[in-house]
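Descriptive analysis of the structure
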Amino acid sequence: MRPVLYHYWRSSSSWRVRWALMLKGVEHDAVAVDLLRAEQGSAEHLRRNPLGLVPVLQLGEVFLAESVAIIEYLEEQVPDPPLLPRDPLQRARVRQLVEIINAGTQPLQNLSVLRRVSDNQQEQRQWAQHFIRRGLSAYEALIASYPGPFSVGSALTAADLFLVPQCYNARRHGLDLTEWPRIAQVEAACLATTAARTTSPEYLNPG
Ligand SMILES: N[C@@H](CCC(=O)N[C@@H](CS)C(=O)NCC(=O)O)C(=O)O
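Residues numbered from 1 in each chain as written. Predicted model: local features only at pLDDT ≥ 70, side-chain atom pairs only at ≥ 80, totals over all residues. Heavy atoms only, no water.

Along its sequence, the protein is organised into domain 1 (4-80 + 200-204) and domain 2 (88-197). Spacing between the C-alpha centres of domain 1 and domain 2 amounts to 19 Å. Across the boundary between the two partners, domain 1 contributes 21 residues, which contact 22 residues of domain 2. For the pairing of domain 1 and domain 2, the buried interface totals around 1900 Å² over both sides, and the portion due to carbon and sulfur atoms is 63%. Per-residue buried area on domain 1 facing domain 2 is highest for W15, R16 and W19; these three make up 36% of the total on that side. (Domains from an automatic or database assignment. Contact = heavy atoms within 4.5 Å. Buried area = accessible area lost by both parts, 1.4 Å probe.)

With that settled, the discussion passes to the environment of R18. By the secondary structure assignment, R18 is in helix α1 (residues 12-24). For R18, a relative accessible area of 7% puts it in the buried group. R18 sits twelve residues away from A30 along the chain, and the two C-alpha atoms are 9.3 Å apart. Look past the residues within four positions of R18 in its chain and what remains in contact with it is L5, H7, Y8, W9, S11, T199, S200, P201 and L204. Here the side chain of R18 touches Y8 through a polar contact of 3.2 Å, landing on its backbone oxygen. (Helix = DSSP H or I, 4+ residues; strand = E, 2+ residues; numbered from the N terminus. Buried < 20%, exposed > 50% of the residue type's maximum accessible area, 1.4 Å probe, protein only. Polar contact = N/O pair within 3.5 Å; in protein donor to acceptor, adjacent residues only side chain to side chain.)

With that settled, consider the sheet that holds strand β4 (residues 62-65). With mixed pairing, the four strands of this open sheet are ordered in space as β2-β1-β3-β4. At either margin of the open sheet sits one strand with a lone partner, and together these are β2 (29-32) and β4. Strand-to-strand twist in this sheet, taken as the mean axis angle between neighbours without regard to direction, amounts to 25°. Pairing of strand β1 (residues 4-7) with strand β3 (residues 56-59) involves three bridges; the strand directions are antiparallel. Bridge assignment links V4 to a residue of β3, and that residue is Q58. Its contacts with the sheet put α1 on β1 and β3, and the angle it makes with β1 is roughly 155°. (Pairing = 2+ DSSP bridges. Axes fitted to C-alpha atoms, helices over the stretch in contact; angles between N-to-C directions.)

This brings us to the pattern of salt bridges. Under the definition given, this model contains eight salt bridges. Between E72 and R95 there is a salt bridge; the shortest N-O distance is 3.0 Å. Note that E72 is positioned in helix α3 (residues 67-77) and R95 in helix α4 (residues 88-102), a separation of 23 residues in sequence. For E72, a relative accessible area of 24% corresponds to the partly exposed category. As a salt-bridge pair, E187 and R171 come within 2.8 Å of each other at their nearest N and O atoms. Residue E187 is found in helix α8 (residues 181-191), and its partner R171 is found in helix α7 (residues 158-172); the two are separated by 16 residues along the sequence. According to the relative accessible area criterion, E187 is buried, its value standing at 9%. What makes R171 partly exposed here is its relative accessible area of 43%. Several salt bridges share partner residues, and in doing so they unite R2, E27 and D29 into one network. (Salt bridge = Lys/Arg side-chain N within 4 Å of Asp/Glu carboxyl O.)

Quick look at the site of the ligand now. Taken together, the neighbourhood of the ligand is formed by 16 residues, with Q40, V54, E66, S67 and Q106 sitting nearest. Q40 is positioned with one of its side-chain polar atoms (N or O) 2.8 Å from an oxygen atom of the ligand. In this structure, an oxygen atom belonging to the ligand sits 3.0 Å away from a side-chain N or O atom of S112. Considered on its own, the ligand offers 510 Å² of accessible surface; in the complex 91% of this is hidden by protein. (Near = heavy atom within 4 Å. Areas by Shrake-Rupley, 256 points an atom, 1.4 Å probe, with all protein chains shown as cover.)

So this is what it looks like as structure tokens:
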């Protein structure tokens, strides 16, 4: 059965999965869940993901949430092109980079967290900048010794699929990438590819 992706154009976690689906050539339908209208908290969406977040990939009767789980499932179903290196240590290092974004950065600047932190937009922005700067600085330090142009060398990996959407979030929260030259190099290399560009928020919603 054709998979269905529940996503939001501006959601960085959704972009990771749109990009992976495109790289793996998985045909699917897409349904928008409007975060600004709080559709992620509707009873309908909570049946898909009890945590009330996007993305969710529907596979027949099964609703699979969490972009790491979805991307690893896609990797196992469609091994080419690989998003995880074959070498176990390299593979673990890619997963480390993935988690720096997935667990150590993005959740701390998520919409629901910012609203809980403060009603004041300036305070929300400072909070988000603090955690994005901390996460991207750690990421930059880890990849500094790797050759480019991608995070861990000449091949795109899952780490890049997590990093580039986080760069988009950084800009939304008022940070540019000048502090992190290796990350800026990775972003430029990724955005030169059709799969990254055509799944990006700007492409989906050019206005
Ligand atoms: N770890 C989750 C994160 C999902 C997530 O935080 N999604 C955000 C959009 S990027 C969301 O749905 N936010 C809605 C909210 O916070 O209410 C994943 O990787 O899928």
